[in-house]
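Descriptive structure summary
What follows is the residue order along each chain.
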Amino acid sequence: MNARNTPYWLEKGEVPELAQTLIEQEKRERSGGLDLGNCGLRAIPREVWEEMPWLRWVNFSVWGFLGGADDYGKTKNQGAGNHLQALPPTLPHWPEMTALTLAGNRFSPGKIQALDP
């Protein structure tokens with residue numbers, strides 16, 4: 001099975017409009033943060049995982065870190081809730097990452113494994 005057929009990727013044309021708009025905005029502004037809570041995602045957008053190494057935080061939840069490890073709050077996005085079920089087998093190269101919020105998604109048992117520091 002190739003990566004395109006795995007349940008944890010969304011290709012650019014499959015990403016809900018709200019999420020794609022936020023991704024494109026972050027690519028232009030490079031603020032270092034991306035709030036994708038309540039964007040109706042059923043999987044991780046591939047471009048977030050593979051093409052945005054400057055990210056310091058990413059939120060895929062209703063509540064999460066929104067601006068860094070000290071700024072916890074509710075997403076401002078008004079779309080449908082996310083329903084992520086699995087993560088890609090490897091973490092992306094995000095050298096500045098301080099927070100990745102995944103709470104509230106429907107991960108299948110055994111789909112998330114411990115990560116080495």
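Notes on the structure follow. (Residues numbered from 1 in each chain as written. Predicted model: local features only at pLDDT ≥ 70, side-chain atom pairs only at ≥ 80, totals over all residues. Heavy atoms only, no water.)

A tally of helices and strands in the protein yields two helices and seven strands. Along the protein, helices and strands appear, N-terminal first, in the series β-α-β-β-α-β-β-β-β. Within the protein, the fraction of its 117 residues that count as buried is 44%. In the protein, once contacts between residues fewer than 6 apart in sequence are set aside, the share between residues at least 24 apart is 63%. Counting only carbon and sulfur atoms, one obtains 50% of the accessible surface of the protein, whose full area is about 7000 Å². (Helix = DSSP H or I, 4+ residues; strand = E, 2+ residues; numbered from the N terminus. Buried < 20%, exposed > 50% of the residue type's maximum accessible area, 1.4 Å probe, protein only. Contact = heavy atoms within 4.5 Å. Areas by Shrake-Rupley, 256 points an atom, 1.4 Å probe, with all protein chains shown as cover.)

Its place among the elements puts Asn82 in the loop between β6 (72-74) and β7 (99-101). Engagement of the side chain of Asn82 in a polar contact is seen with the backbone nitrogen of Leu41, the distance being 2.9 Å. Reaching out from Asn82, the side chain makes a polar contact with the backbone oxygen of Phe60 at a distance of 3.0 Å. Once you skip the residues sitting within four places of it in the chain, Asn82 turns out to touch Leu36, Gly37, Asn38, Cys39, Gly40, Leu41, Phe60 and Asn105. (Polar contact = N/O pair within 3.5 Å; in protein donor to acceptor, adjacent residues only side chain to side chain.)

Glancing now at the packing of aromatic side chains. Evaluation of the coordinates by the stated rule reveals two aromatic pairs. Aromatic side chains Trp49 and Trp94 sit 5.3 Å apart centroid to centroid with 70° between the ring planes, which places their arrangement in the edge-to-face category. Of this pair, Trp49 sits in helix α2 (residues 46-51) while Trp94 is found in the loop between β6 and β7, placing the two residues 45 residues apart along the sequence. Residue classification places Trp49 among the buried residues on the basis of a relative accessible area of 5%. In this structure Trp94 comes out as buried when scored by relative accessible area, which is 9%. Measuring from ring centre to ring centre gives 6.3 Å for Trp63 and Tyr72, while their planes differ by 20°; the resulting arrangement is stacked. Under the relative-accessibility criterion, Tyr72 is labelled exposed at 51%. (Phe/Tyr/Trp six-rings, centres within 6.5 Å; stacked < 30°, edge-to-face > 60°.)

A few words on the sheet that holds strand β4 (residues 57-59). The strands that make up a sheet pair up through hydrogen bonds in the backbone, lying either parallel or antiparallel. Across the sheet, three strands lie side by side as β2-β4-β7; this open sheet has parallel pairing. Only two strands of the sheet have a single neighbouring strand rather than two, namely β2 (33-35) and β7. Here the average twist between neighbouring strands, direction ignored, is 5°. Pairing geometry for β2 and β4, over three bridges, is parallel. The residue bridging Asp35 from the neighbouring strand is Asn59, located in β4. (Pairing = 2+ DSSP bridges. Axes fitted to C-alpha atoms, helices over the stretch in contact; angles between N-to-C directions.)

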